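Here's the letter readout for the chains.
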Amino acid sequence: MKILFYGTASYDKDSFTKELPDYPDVQIDFIETNLTPMTAALARGYDAVCAFVNADVHAMTLEILSGFGVKLVLMRCAGFDAVDVDMAKSLGIKVTRVPAYSPEAIAEHAMALGLCANRRIHKGYIRVRENDFSLDGLVGETLHGKTAGIIGTGRIGAALCRICKGFGMTVLGSDLYPNQKLVDEEHVVDEYVDYDELFHRADFISLHAFLNEESYHMINDDAIAKMKKGVIFVNTGRGGLVDTKALIRGIISGKIGAAGLDVYEEENENVYRNRSGLVIDSITSRLCAFPNVVMTSHQAFFTKEALGEIARVTLDNAEAFAKGEDFVARSVVC
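Residues numbered from 1 in each chain as written. Predicted model: local features only at pLDDT ≥ 70, side-chain atom pairs only at ≥ 80, totals over all residues. Heavy atoms only, no water.

With that out of the way, let us pick up the overall build of the chain. Counting its secondary structure elements, the chain contains 13 helices and 12 strands. What you see for the chain is a C-alpha radius of gyration of 21 Å, in line with the 20 Å of a compact globule of 334 residues. A principal-axis box enclosing the C-alpha atoms of the chain has dimensions of 60 × 50 × 35 Å. The buried share among the 334 residues of the chain stands at 50%. The long-range fraction of contacts in the chain, counting pairs at least 24 apart against all pairs at least 6 apart in sequence, stands at 68%. Summed over its atoms, the accessible surface of the chain is roughly 16,300 Å², and 51% of this surface lies on carbon and sulfur atoms. Computed over 34 positive and 46 negative side-chain charges, the separation of the two mean positions in the chain equals 3 Å. (Helix = DSSP H or I, 4+ residues; strand = E, 2+ residues; numbered from the N terminus. Rg over C-alpha atoms; globule rule 2.2 N^0.38 Å. Buried < 20%, exposed > 50% of the residue type's maximum accessible area, 1.4 Å probe, protein only. Contact = heavy atoms within 4.5 Å. Areas by Shrake-Rupley, 256 points an atom, 1.4 Å probe, with all protein chains shown as cover. Lys, Arg positive; Asp, Glu negative; His and termini not counted. Charge placed at Lys NZ, Arg CZ, Asp CG, Glu CD.)

Here's what the structure looks like:
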């Protein structure tokens, strides 16, 4: 089983190389180049390719891969919006993902972003480095006794519900398919409500919904208008869930009191790339200029434990494909 790994960073190579001895029939070649229609031809002679969330695995890429006999696309991420699933099906290409490599890692990062933005920790750190020990402009809100609104209560959202409950917060959930066990058995969700009620009541809102046509820009001017003044807003889901211009208007108006963002609409141009030597005119740059906004580059998943799980599930799927066995549960896209 020969696999070409696209978009490889040092940590990808380290985590997969560490697991490879347990998969003697799998051979991997790592390249830094990302998977696009222009680079798909590099997969000539390989049985499978492995790509990440910022790859372009749409129709043209898949047609080229199919032409070279590639029958498996391994996405080493939970999302598969980078893949044209219908085209893959029509070409007979199997697509897998890693559905839940570390829900706790992402939930912890979401809370960290909210805390940092709310308490202006990033600004306080910079001040102390410059021997400025003043506190003006750094006041935040105590989370204990406040209400958290978690949109999407799958594994990641549920993990954040537990964290928020540990902070002494009332927890509201909103989900198309509510997990009643979180209410009845774990007691980490106090009640499920619709979006409008969550917006109206929550002091802290975190997004963990899937991105699709229905959820695109679910956070817009209308949604923000329904929120409490000064709400703490966090997004570690997908950038497209939020209308960024509406978010900026909400920050300027004071509706959004603090924002922690690990994903954003412009990220595909930037994600996992060092562009520090460039002058970039972007909405992202504008967001970074606000003192109550903290942004990271799609790193919520980024722990040793998560990288290890990504490697194991991806290689398990590769081995299963080679042997004609079943893939890892819930990992098959098509």
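Another point: the side chain of Thr-96. Position of Thr-96 relative to the elements: it lies in strand E5 (residues 94–96). Using a relative accessible area of 1% as the deciding quantity, one classes Thr-96 as buried. With residues up to four places along the chain from it excluded, the contact list for Thr-96 reads Leu-72, Val-73, Leu-74, Met-75, Asn-317, Phe-327, Ser-331, Val-332 and Val-333.

What the 5 strands build is an open sheet, ordered E2-E1-E3-E4-E5; its pairing is parallel. With one partner strand each, in any of the chains shown, strand E2 (27–30) and E5 form the two edges of the open sheet. Averaged over neighbouring strand pairs, the angle between their axes works out to 20° when direction is ignored. In terms of strand pairing, strand E3 (residues 48–51) meets strand E4 (residues 72–75) through 4 bridges, oriented parallel. (Pairing = 2+ DSSP bridges. Axes fitted to C-alpha atoms, helices over the stretch in contact; angles between N-to-C directions.)

When you line up the elements, Val-313 lands in helix H13 (residues 304–323). A C-alpha to C-alpha distance of 8.4 Å links Val-313 and Ser-331, two positions 18 residues apart in sequence. If we skip the residues at most four places from it in the chain, Val-313 touches Arg-97, Val-98 and Val-328.

Now for the packing of aromatic side chains. Using the criterion set out here, one finds 8 aromatic pairs in the structure. On the basis of an interplanar angle of 50° and a centroid distance of 5.8 Å, the ring pair of Phe-52 and Phe-301 is categorised as tilted. With Phe-52 in the loop between E3 and helix H2 (59–67) and Phe-301 in the loop between strand E12 (293–295) and H13, this pair connects stretches of sequence that are 249 residues apart. Given the relative accessible area of 11%, Phe-52 is considered buried. Looking at Phe-301, the relative accessible area reads 5%, which means it is buried. When the centroid spacing of 6.1 Å and the interplanar angle of 80° are considered together, the rings of Tyr-101 and Phe-301 count as edge-to-face. Residue Tyr-101 is found in the loop between E5 and helix H4 (103–119), and its partner Phe-301 is found in the loop between E12 and H13; the two are separated by 200 residues along the sequence. Across this residue pair, the class does not change: Tyr-101 and Phe-301 are buried. Members of the aromatic cluster, each reached through a chain of ring pairs, are Tyr-11, Phe-52, Tyr-101, Phe-301 and Phe-302. (Phe/Tyr/Trp six-rings, centres within 6.5 Å; stacked < 30°, edge-to-face > 60°.)

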